[in-house]
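# Architecture at a glance
Okay, here's what each chain looks like letter by letter:
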Protein chains: 2
Amino acid sequence: MVVVGETKARVLIIGGGFGGLETAKALADVPVSVTLVDRNNHHLFQPLLYQVASAGLSPADIAIPIRAVLSGQENVRVLMGEVTDVDLDQGEARFEDGGVLGFDYLVVAAGAQTNYFGNDHWGQHTVSLKTVEDAIEMRRRVLSAFEKAERETDQARRRRLLTFVVIGAGPTGVELAGAMAELSTRVLAGDYRNLSPDDCRVLLIEMADRVLTSMAPSLSESAQKDLEKLGVEVRLGQAVKSIEDSRVILPNEIIPTETVLWTAGVAPVGLAAKLGTPLKRGRLEVGSDCALPHHPRAFAVGDIALQMGEDGKPLPGVSPVAMQQGRYVASVIEGDLAGRKRAPFEFRDKGAMATIGRSRAVAEIGRLRFSGFFAWFLWLAVHLFYLVGFKNRVSVLLNWIWQYVVYRRGARLITKAWSRPAVPVTEDEAGRALHN
Amino acid sequence: MVVVGETKARVLIIGGGFGGLETAKALADVPVSVTLVDRNNHHLFQPLLYQVASAGLSPADIAIPIRAVLSGQENVRVLMGEVTDVDLDQGEARFEDGGVLGFDYLVVAAGAQTNYFGNDHWGQHTVSLKTVEDAIEMRRRVLSAFEKAERETDQARRRRLLTFVVIGAGPTGVELAGAMAELSTRVLAGDYRNLSPDDCRVLLIEMADRVLTSMAPSLSESAQKDLEKLGVEVRLGQAVKSIEDSRVILPNEIIPTETVLWTAGVAPVGLAAKLGTPLKRGRLEVGSDCALPHHPRAFAVGDIALQMGEDGKPLPGVSPVAMQQGRYVASVIEGDLAGRKRAPFEFRDKGAMATIGRSRAVAEIGRLRFSGFFAWFLWLAVHLFYLVGFKNRVSVLLNWIWQYVVYRRGARLITKAWSRPAVPVTEDEAGRALHN
């Protein structure tokens, strides 16, 4: 129930990604009391995650504490935690620790996770790219493969260690494959005594008949050419049949590899199924006001929501949709409180872009299509602009300049999972060991 | 056996810390074939590790790939791996994967690990600070404690969550305690709605009767005053009796806390005990030429070695000792090959320093003693100078300027151990989920 007057309406936002964060910011001057909950303490700029995976940026360069972003906004509090269940009728959300939080308005912006299309065992042999932890793990596997190859005397295994397979040629896959090719042939090879750039292979596997299917065919072609110039072997029209311990099986080809990078698909997070409202393709169906059916004060935005565009097709799972939906939902809540009628959400498509290594990119803005250096420069500017936090912008820009000038990567760090220190030599010896 | 002429003498260096890296660099113009082995791919600048733990720097800012440092040096190859056993008589080292490498000269520079002085179960309730993984785990625990406290309604537990205990007041402990106090009272508190800086406690526990026992008493006093000004509660002459699930027990005091940071002691790594030569305080005894007894071509340098100084006391486990020993051993090997007699190692003590938060430090250089702003400035300059890698210097310097100006920390990132993605909602739904 919405209570106006003394007690402000309580808005609960689940998720601090693009959609959730934009909703919270757009509610700054609305007389509501906002709680934003996220499983992580940080907002992650996912479009640059592949640069963490390819050792170009540090995780903290593209992640910023959600509470730092919103610290100046008085009507928001941020909680780190996981909502495990929601009762839409009672207006209550349950947390992983058993705590319960009541709400008048709900905004579900919990995002997406990796999807293996029913082949979850493939997850045992691949690593995907949705979280900071994924990116660190991907970086660890890629850099470790080079380290192992340097020590390997068996030629077949060395070849396998230096074969990197990227599955899925959407923007993430294309950018990752380009970065991997640069890393293998230009950045790393010089540092190894036993490896030559020719030993390294990067393959990009796509089920469709072109890369970047969401963009114009001419740009797909341009992107493919740029990838091939970098040495990426592009395989189109290839549905993966199986991923096993040290090989990927395509319909007519077996690729021996020890590193499979998965960027092929996303599925909504588990919370979507717990709301009791209809799912379509696993996502929460919402109306033209982003509200869930029969629950006008519960909204879903971003990757977890499925909303139809004007062309009758679902809006894509990209950050501009999430951000615009977030701002729209904030305006709907403001309008509700002021007694205004809801106008339907309209997505303004500002275009799409993808970069392919150094100085190359493709971009589509309305009917304009660019490729080459200008598109790349545009890509840099747009990504810096949308990156949250002044310090992160400076840090990323300096890293990019440094990489451009000296052809190096600044975050070539292999980190493992933390474990307790091993027991010292003997207790007696340890007892007498020196103080630090 | 040293083979001269066609085949160059093979030098095996175990460890890429300060000692091992300096040895390798100093051998650049010596006609030997060097192999440097390290468990990690990076050289770590441990003196700044506490700034990673306190969210000021990213791990990659203070770590650099060993092979990148040495890539221009033709007579060195770098291997990532772990030496598990050494046969000094045969001149062979065994690796974790069963591989064997022969050597003519050996330099053991494998360093130290955390030491709980026979109370290894304390490790279950504490985190120490020797590796990048330790620092990330420490950061995770500290930042998570604030997040939990923000959600906690029980006053006693909230108080416990906001009590941080640092054990050991050597340079690392002093610097960490100062950084924790700044983080708690100035940086973080403003971002939390339910917490006030007054709720936070940082305690520094030391067994001896003063902090920084390796420095002059007047500097200990000055450092203690600076710590207390920052709000750190310094407890001297307190041997920890026990560390339990959520408390630290001192002789006359029980401190309820959920975060115990251990900087009290180090012990040599396990490899020391496998060489079959005498240990003293768990460290490898070496002669005045840094060689192991009866093995004139096997040396130990840095924290794993125990060498007596001119005053009859063991040289301290600090980086200047390791670096000077490393350069000395390289000159001994060069002299051996040229048929020169060995001159004994002489440690030139350049002094010691520690910083205590913003604008405060203590420094001792020969007979000169500084404290306050000038010592702090000196500390900054010296650390930047010794930090390896141009890019890391620029990055650290910019981070420091930013922290100084805006009172923020740039790497407030909670990262967990990587795990495979959860299984999607249902296979059926997942199968139909959208492509990225």
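Further up the page is the structure itself.
Procedures and definitions
Residues numbered from 1 in each chain as written. Chains lettered and ligands numbered in written order. Predicted model: local features only at pLDDT ≥ 70, side-chain atom pairs only at ≥ 80, totals over all residues. Heavy atoms only, no water. Pairing = 2+ DSSP bridges. Helix = DSSP H or I, 4+ residues; strand = E, 2+ residues; numbered from the N terminus. Axes fitted to C-alpha atoms, helices over the stretch in contact; angles between N-to-C directions. Phe/Tyr/Trp six-rings, centres within 6.5 Å; stacked < 30°, edge-to-face > 60°. Buried < 20%, exposed > 50% of the residue type's maximum accessible area, 1.4 Å probe, protein only. Lys NZ or Arg CZ within 6 Å of the ring centre and 35° of its normal. Least-squares fit on C-alpha atoms with pLDDT ≥ 70 in both. Contact = heavy atoms within 4.5 Å.

On to the sheet that holds strand S11 (residues 126-128) of chain A, then. Residue and element names in this part refer to chain A. The strand order across the open sheet built from five strands is S11-S18-S12-S13-S14, with neighbouring strands paired in parallel fashion. At either end of the open sheet lies a strand with only one pairing partner, and these are S11 and strand S14 (232-235). Strand-to-strand twist of the sheet, defined as the mean angle between neighbouring strand axes without regard to direction, takes the value 25°. Pairing of S11 with strand S18 (residues 259-262), which is carried by three bridges, proceeds in the parallel orientation.

What follows is about the packing of aromatic side chains. Within this structure, the stated rule accounts for 26 aromatic pairs over all chains. Taking the centre distance of 6.4 Å and the plane angle of 55° together, the rings of Phe117 of chain B and Trp262 of chain B count as tilted. One end of the pair, Phe117 of chain B, is in the loop between strand S10 (112-114) and strand S11 (126-128); the other, Trp262 of chain B, is in strand S18 (residues 259-262), and 145 residues separate them in sequence. With relative accessibility at 23%, the residue Phe117 of chain B sits in the partly exposed group. Overall, Trp262 of chain B belongs to the buried group, its relative accessible area being 3%. By the ring-pair criterion, three or more aromatic residues cluster together here, those being Tyr116, Phe117, Trp122 and Trp262 of chain A. Against the face of Tyr404 of chain B rests Arg358 of chain B, its NZ or CZ located 4.2 Å from the ring centre. Its guanidinium or amino end placed over the ring of Trp402 of chain A, Lys391 of chain B lies 5.4 Å from that ring's centre, counting from NZ or CZ.

Our next topic: the relation of the copies chain A and chain B. Superposing chain A onto chain B takes a rotation of 180° plus a shift of 0.0 Å along the axis, which leaves an RMSD of 0.0 Å. What the rotation and shift describe, once combined, is the action of a two-fold rotation axis. Scanning chain A for the C-alpha nearest the rotation axis identifies Ala417 of chain A, at a separation of 2.8 Å. When the interface residues of chain A are mapped onto chain B, 100% of them again lie at the interface, so the same face is used by both copies.

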